[in-house]
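# Remarks on the overall topology
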Amino acid sequence: MQYLRTFTFFSLFLICTWGVQAQFKEVKTGMVNLKYSSVAWGDQDNDGDLDVFMMGWDGKKRVTRIYNNNNGQFEDIEASLPGVNSVASNNLAWTDLDNDNDLDLVLTGQDGETRIAKIYNNEGSNYFKESPQNLDGVYASTVVWGDYDNDGDLDLLMAGNTKNGGRKTQIFRNDKGKLVKIKTNLIGISRGTAAWGDYDNDGDLDILVSGRYHPTQKLAKCIIYRNDNGKFTDINANITGLLRGAAAWGDYDNDGDLDLLMCGLTDQGKRLTKLYKNNKGRFLAINTNLIQVSRSSLAWGDYDNDGDLDILITGMDNQGKRRSKIYQNNGGSFKDINAQLIGLSAGSAAWGDYDNDGDLDILITGEDQSFNQHTKIYQNNLNKGKEVKMHPPSNLNAEVKGKDVVLKWAKIKDLKGITYNIRIGTAPGKNDQLSPMADAQSGFRLVVENGNAHHHDNWRIKNLPPGKYYWSVQTINGAFQSSKFSEEKSFEVQ
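What you see is a predicted model, and the numbers here were worked out from it, not measured in a lab.

## Things to note about the overall build of the protein chain
- When helices and strands are counted, the protein chain shows 1 helix and 34 strands.
- Taken over C-alpha atoms, the radius of gyration comes to 22 Å for the protein chain, in line with the 23 Å a tight globule of 494 residues would show.
- In terms of overall dimensions, the protein chain has a C-alpha envelope of 85 × 55 × 45 Å along the principal axes.
- Within the span of the protein chain, comprising 494 residues, buried residues form 60% of the whole.
- Carbon and sulfur atoms make up 46% of the accessible area of the protein chain, which totals about 20,600 Å².
- Put simply, the protein chain has 56 plus and 64 minus side-chain charges, and the middle of one group is 7 Å from the middle of the other.

See the structure below:
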């Protein structure tokens, strides 16, 4: 009987272990192995699948690569971009700078002894042409895009070390594809992170920055700035400052406001991971069992398609061990699923459905316990994405007030964790006033991001030139599946 109980327990253990391991299966890609690295998924050739933009150190030199996804096989397009060493997260990003609905790119970092910040326009046929922009080169940097002034194009937030050893956090306003630096009172940081997010639900994008700010000491601050018509005010959020880490907004409890997940190194040299719940604009630290890491990366994403946001996180813990973990969100509590990922730090982690089966796969880069660099893709085999039926919102309405318009629609009620994505054009089917970074016909999202109207059921666009405009909206869930766009509507600005 004792033998039978032992055998039964061992058999169940093997079945459970096999089931967990089978959730994410490593896929061989032939991509360059990198550490001190950043990555981003994006459909740069508009063929309906996610390609990869990555940069870092391959053990001998700095490299930057774009890999084209051909039915799950990744081919270097030989984009001839400068090799840049990444020493902080988020120092590369896809964008649509010129509202032509293809993906342009930005990269920052250190190329040899030179600090750089470069924009490349997507000219099609795998060709990226440098855009003449007056940007200050930075390294130990972070770059993020967001339409802070609600005029329909994406502006740039950039932070890092300058060539003279100082630290800057700058906003560049997008004026018809030309980036113009605006005056702000943002704290200068490096070796940190930044993120746009409408934490107060007032319909414009606020800013989080966290990182090293002191000129001589390794001291960190985290500040949330409220956006008041383009002016940014420190809300004194009382959040722990972290460096050598990452941060991401996400509504983990589906209550309609943005919570905050952060990880990194404190002033005292302690590795920390913190989840802050947004309670009407006040941020409360929540107790979790998440690994405490720095030299880290993290991302929200609904890998199990149950309507709430799970966590992907990599980094070095307080015992010096490299870790890569997936935490399943169960009613606001997070459970380590023991996904059997390679432990990495000093790299990047990103969700993305590279095989278009409706669930989130994983791309991670970084350094293992023996200081070797890696690039890994893990395929999600849960196959729950096929059960999700996405559909666009209805009851679209436009209220024009002078040069501004407020676009409205009915909230989706049968799906959880939904954001909304708007397209606006000057002719039917066009996207030249507000790019959705999505295919207007199929709805396929070119980037792995929330919609540009976030969780709202309305969004204001300002300072539109006179004319007739055509618009529609799609829905995007926490697995970044997108619906088709709603029936197109129009409005006029006099």
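## Details of the sheet that holds strand β17 (residues 231-234)
- Read from one edge of the open sheet, 4 strands run β14-β15-β16-β17, paired in antiparallel fashion. Two strands lie at the open edges of the sheet, namely β14 (190-197) and β17, each paired on one side alone. Recorded for the sheet is a direction-independent mean angle of 25° between the axes of neighbouring strands.
- In the sheet, strand β15 (residues 206-212) pairs with strand β16 (residues 220-228) via 6 bridges, with the strands oriented antiparallel. Across the sheet, the residue bridging to V209 is I223, located in β16.

## Some details on the pairing of β17
- Where β16 and β17 come together, 4 bridges link them in antiparallel fashion. Residue R226 lies in a different strand from β17, and its bridge partner there is T233.

## Thoughts on the sheet that holds strand β13 (residues 178-182)
- With antiparallel pairing, the 4 strands of this open sheet are ordered in space as β10-β11-β12-β13. Since the sheet does not close on itself, it has two edges, and those belong to β10 (139-146) and β13, each with one partner. Between one strand axis and the next, the sheet turns by 25° as a mean value, whatever way the strands run.
- Pairing of β10 with strand β11 (residues 155-161), which is carried by 6 bridges, proceeds in the antiparallel orientation.

## A look at the pattern of salt bridges
- All told, the structure shown has 20 salt bridges when counted by the stated rule.
- Between D175 and R173 there is a salt bridge, and its shortest N-O distance comes to 3.0 Å.
- Through salt bridges with shared partners, a single ionic network connects K35, R295, R322 and E367.

## Thoughts on the side chain of S472
- Tracing the backbone shows S472 in strand β33 (residues 467-476).
- At a separation of 2.8 Å, a polar atom in the side chain of S472 contacts the side chain of R423.
- Apart from residues lying up to four places away in sequence, S472 is in contact with L396, N421, I422, R423, F485, S486, E487 and E488.

## Notes on the nonpolar core
- If you look at the biggest cluster of nonpolar residues, it comprises 50 residues, and the most contacted ones within it are W41, I66, W94, L105, L107 and W145.
- Of all elements in the fold, only β2 (35-42), β3 (51-57), β4 (62-70), β6 (92-95), β7 (104-111), β8 (114-122), β10 and β11 reach the threshold of two or more residues within this core.
- Inspection of this core shows a minimum of three residues originating in each of domain 1 (25-379) and domain 2 (394-493).
- Among the nonpolar cores identified, the runner-up in size contains 22 residues, and I424, L464, W471 and V473 belong to it.

## Observations concerning unusual backbone geometry
- Look at R191: it is not a glycine, yet its phi comes out positive at around 45°.
- Here R191 is to be found in strand β14.
- Positive phi, normally seen in glycine, also occurs at N229, with a value near 55°.
- Relative to the assigned elements, N229 resides in the loop between β16 and β17.

## Things to note about the domain arrangement of the protein chain
- Parsing the protein chain into structural domains produces domain 1 (25-379) and domain 2 (394-493).
- The C-alpha-based centres of domain 1 and domain 2 are spaced at 25 Å.
- On the domain 2 side, the residues contacting the 39 residues of domain 1 number 27 residues.
- Summing both partners gives a buried area of about 2,500 Å² for domain 1 against domain 2, and 56% of it is carried by carbon and sulfur.
- Applying the counting criterion to the domain 1 and domain 2 interface returns 0 salt bridges.
- For the pair domain 1 and domain 2, the number of links is 13 residue pairs in polar contact (both at pLDDT 80 or more).
- Among the elements of the structure, β2, β6, β22 (294-301) and β26 (345-352) are those that each provide at least two residues to the side of domain 1 that touches domain 2.

Conventions we followed
- Counting from 1, residues in each chain are numbered in the order their sequence is written.
- Only residues with pLDDT of 70 or above have their local features reported here, since the model is predicted, and side-chain atom pairs are shown and tallied only from 80 upward, although totals for entire chains, interfaces and linings are computed over all residues.
- Side-chain numbers here rest on the full set of heavy atoms in the structure, without hydrogens or water.
- Counting from the N terminus, the helices are the DSSP runs of H or I reaching at least four residues and the strands are the DSSP runs of E reaching at least two.
- We take the radius of gyration over the C-alpha atoms and set the globule estimate at 2.2 Å times the residue count to the 0.38 power.
- Between buried and exposed lies partly exposed: a residue is buried under 20% and exposed over 50% of the maximum accessible area for its type, with that area taken using a 1.4 Å probe on protein chains only.
- Accessible surface is estimated by sampling points in the Shrake-Rupley manner with a 1.4 Å probe; for residues, cover comes only from the protein chains shown.
- Neither His nor the chain ends is counted toward charge; the positive residues are Lys and Arg and the negative residues Asp and Glu.
- By convention, the point assigned to a charge is CZ for Arg, NZ for Lys, CD for Glu and CG for Asp.
- One bridge is not enough; two strands pair if DSSP finds at least two bridges between them.
- All axes are obtained by fitting lines to C-alpha atoms, using only the stretch in contact for helices, and the reported angles, taken between N-to-C directions, cover 0 to 180 degrees.
- Criterion for a salt bridge: a side-chain nitrogen of Lys or Arg within 4 Å of a carboxyl oxygen of Asp or Glu.
- Think of a polar contact as two N or O atoms within 3.5 Å of one another; within protein, one of them needs to be a possible hydrogen donor and the other a possible acceptor, and neighboring residues in sequence only count if both atoms come from side chains.
- Residues count as neighbours in contact if any of their non-hydrogen atoms are within 4.5 Å of one another.
- Throughout, nonpolar core names a set of buried Ala, Val, Leu, Ile, Met, Phe, Trp, Tyr and Cys residues whose side chains join them through atoms within 4.5 Å.
- Where a domain begins and ends is set by an automatic assignment or by a domain database.
- Accessible surface is computed with a 1.4 Å probe, and the buried area is the amount of it that two parts give up when combined, taken over both parts together.

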